[in-house]
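Here's the letter readout for the chains.
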Amino acid sequence: MSEVVYITVEPSIQLHGAPTQPYWIHPQLIDSIDPVKGRQFRVSDHIPKGTCLLVDRPYAAIPVVDEPATNENLTCSYPACNRRVALGTERFSCPNACIDDVAWCGTTCRDLDQIRHAFECTWLKRYSKPIRSKRGEYEFGMLWLIIRLLATRQVEVQNPSASNGSKPFPPVSKHGWDGINMLCGSVETWSHDRVRNWSTLAKKYLQNSTILPHGLSTDRILHLICQEEANSFGLYPRETGVFPIPTPFVDRGEQFAAAVYPTAAIANHSCLPNLIHKADDQGRMVFTASRDINKGEECCISYFDLTQYTDLTTRRQHLKNSFRFTCKCERCVSEEPVEETSPWNTIPMMDME
Ligand SMILES: C[S@@+](CC[C@H](N)C(=O)[O-])C[C@H]1O[C@@H](n2cnc3c(N)ncnc32)[C@H](O)[C@@H]1O
């Protein structure tokens, strides 16, 4: 077993023109449709290494931490803040004491987040314990992220002008709930067993009710789970996608949150990525060119930690299990074993008549 070396690294490359807006796209980053992969990012001009290409705000995010009351990686629940609520600083928890994972870094964030949190509060109080004990942390996190997607939508419906304030990204992406609707993933994407399990969860815990007044059908909620599972990002303390893998190698660290980003989700995967990605201190997903990118080239991230799955078989197996596609990136294709051709296949067949 290889040994993981934990050291903290500063971003290895300099950001050019790092943006300050909550949402930002480099003017040369364009989107198009690939016949096999669907939506994709390309660049319309040469991009130098180190250029920041995208900053996307999460539509919804959840913390993923053990022992939240004492964990220093807990993030502020107010989506526009999302900063870590470090231990030692004052934390403001829910007045209804829903769950310890919900906390704000100050009373301003807590007050501004009142309407959004009200949507999830009763559900969390009622279902978090039974789901966690019967189904485990993964399924609890998945359902909570769905609740937070629905909560943002609710806020958007109630106050359309305040919801995002960011320009849509034409032509194959939209922002806000419209952007969520465009995410790939459907019941056809996933295995029958997984869909059946999610269907049970959706019926049991996510139905439209007074506890959860979202107005969507159970089928639409099931579709949303399929989309969320195909598109959510884990948030880690260090970058994902640094390649070639440095020696001694540095993994990306322990996951502390999960989030859905409507625009960042357009990026396809490559095992030889030209983008590195990492959430900034406000949970915004930042894409940065890890090398010079040629005009017209596709821009890809890595969906997994490249230090963890290194050979062709384990990389493809991991992507198949987690995302249900066979990776056709240039690295995988170039590492495919050359099929032995029998000499008989190359001899033209004679007409024996
Ligand atoms: C997060 S989405 C990326 C955006 C997606 N192309 C779309 O149309 O919205 C992930 C999906 O894109 C496709 N995809 C991404 N990277 C791929 C790759 N290297 N090879 C084949 N398909 C890929 C797969 O269908 C995968 O389930």
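Definitions and cut-offs
- Residues numbered from 1 in each chain as written.
- Predicted model: local features only at pLDDT ≥ 70, side-chain atom pairs only at ≥ 80, totals over all residues.
- Pairing = 2+ DSSP bridges.
- Helix = DSSP H or I, 4+ residues; strand = E, 2+ residues; numbered from the N terminus.
- Axes fitted to C-alpha atoms, helices over the stretch in contact; angles between N-to-C directions.
- Near = placed C-beta within 6 Å.
- Nonpolar A, V, L, I, M, F, W, Y, C, P; charged D, E, K, R; others polar.
- Parallel < 35°, antiparallel > 145°, perpendicular 65-115°, else oblique.
- Left-handed = near helix turned anticlockwise from the far one by under 90°.
- Contact = placed C-beta atoms within 7 Å.
- Core = buried A, V, L, I, M, F, W, Y, C linked by C-beta atoms within 7 Å.
- Buried ≥ 20, exposed ≤ 12 C-beta atoms within 10 Å, placed from the backbone.

**Student:** Please clarify how the sheet that holds strand S5 (residues 60–63) should be interpreted in this entry.
**Tutor:** Think of a sheet as strands paired side by side through backbone hydrogen bonds, with each pair either parallel or antiparallel. Here three strands make up an open sheet; going across it, the order is S5-S9-S8 and the pairing antiparallel. Each of the sheet's edge strands pairs with one partner strand only, and the pair in question is S5 and strand S8 (233–235). Taking each pair of neighbouring strands and ignoring which way they run, the sheet shows an average axis angle of 25°. Pairing analysis gives four bridges linking S5 to strand S9 (residues 257–260), with the strands arranged antiparallel. Each bridged residue has a counterpart across the sheet, and for Ile62 the counterpart in S9 is Ala258.

**Student:** Please clarify how the pairing of strand S2 (residues 29–34) should be interpreted in this entry.
**Tutor:** A regular strand places its side chains on the two faces of the sheet in alternate fashion. By the bridge criterion, six bridges tie S2 to strand S3 (residues 38–43) in an arrangement that is antiparallel. By the bridge assignment for S3, Leu29 is matched with Val43. Count of turn residues in the S2/S3 antiparallel hairpin: three residues.

**Student:** In this structure, what is going on with the site of the ligand? I would like to understand it.
**Tutor:** Around the ligand there are 17 residues in total, and Gly38, Arg39, Cys184, Asn268 and His269 lie nearest to it. Per element, the largest residue contribution to the shell around the ligand is three residues, and it comes from S3. Looking at the shell around the ligand residue by residue, the classes come out as eight nonpolar, six polar and three charged.

**Student:** Honestly, the sheet that holds S3 in this entry has me stumped. Any pointers?
**Tutor:** The sheet built from four strands is open, its strands ordered S2-S3-S13-S10 with mixed pairing. Taken across any chain shown, the strands that pair with only one partner, and hence form the sheet edges, are S2 and strand S10 (268–269). Across two bridges, S3 lies against strand S13 (residues 298–301) in antiparallel orientation. Counterpart to Arg42 in the pairing with S13 is Glu298.

**Student:** Could you clarify how one ought to interpret the packing of helix H6 (residues 192–205) against helix H7 (residues 218–231) in this entry?
**Tutor:** Between two packed helices, both the angle of their axes relative to each other and the distance between the axes serve to describe the pair. Between H6 and H7, the least distance of the axes is 9 Å, while the angle of their chain directions is 125°. When the axes of H6 and H7 are compared, the pair comes out oblique. Relative to H7, H6 is oriented so that their crossing is right-handed. Where H6 approaches H7, its residues Trp198, Ser199, Ala202 and Lys203 are matched on the opposing element by Thr218, Ile221, Leu222 and Ile225. For the contact of H6 with H7, the per-class residue count stands at five nonpolar, two polar and one charged.

**Student:** It is not clear to me how the nonpolar core should be interpreted in this structure. Could you clarify?
**Tutor:** Nonpolar side chains in soluble globular proteins tend to be buried together. Within the largest apolar cluster, 78 residues are counted, with the highest numbers of intra-cluster contacts made by Ile146, Leu149, Ala258, Ala259, Ala267, Leu275 and Cys299. Top contributing element to this core by residue count: helix H3 (residues 137–158), with nine residues.

**Student:** Sorry, what's going on with unusual backbone geometry here?
**Tutor:** Comment: phi is negative for the bulk of residues other than glycine, and the bulk of peptide bonds are trans. Of the consecutive residues Phe243 and Pro244, the connecting peptide bond is found in the cis state with omega at 0°. Within the secondary structure, Pro244 sits in the loop between S8 and S9. The phi dihedral of Glu67 falls on the positive side, at around 45°, and the residue is not glycine. Mapped onto the secondary structure, Glu67 falls in the loop between S5 and strand S6 (92–93).

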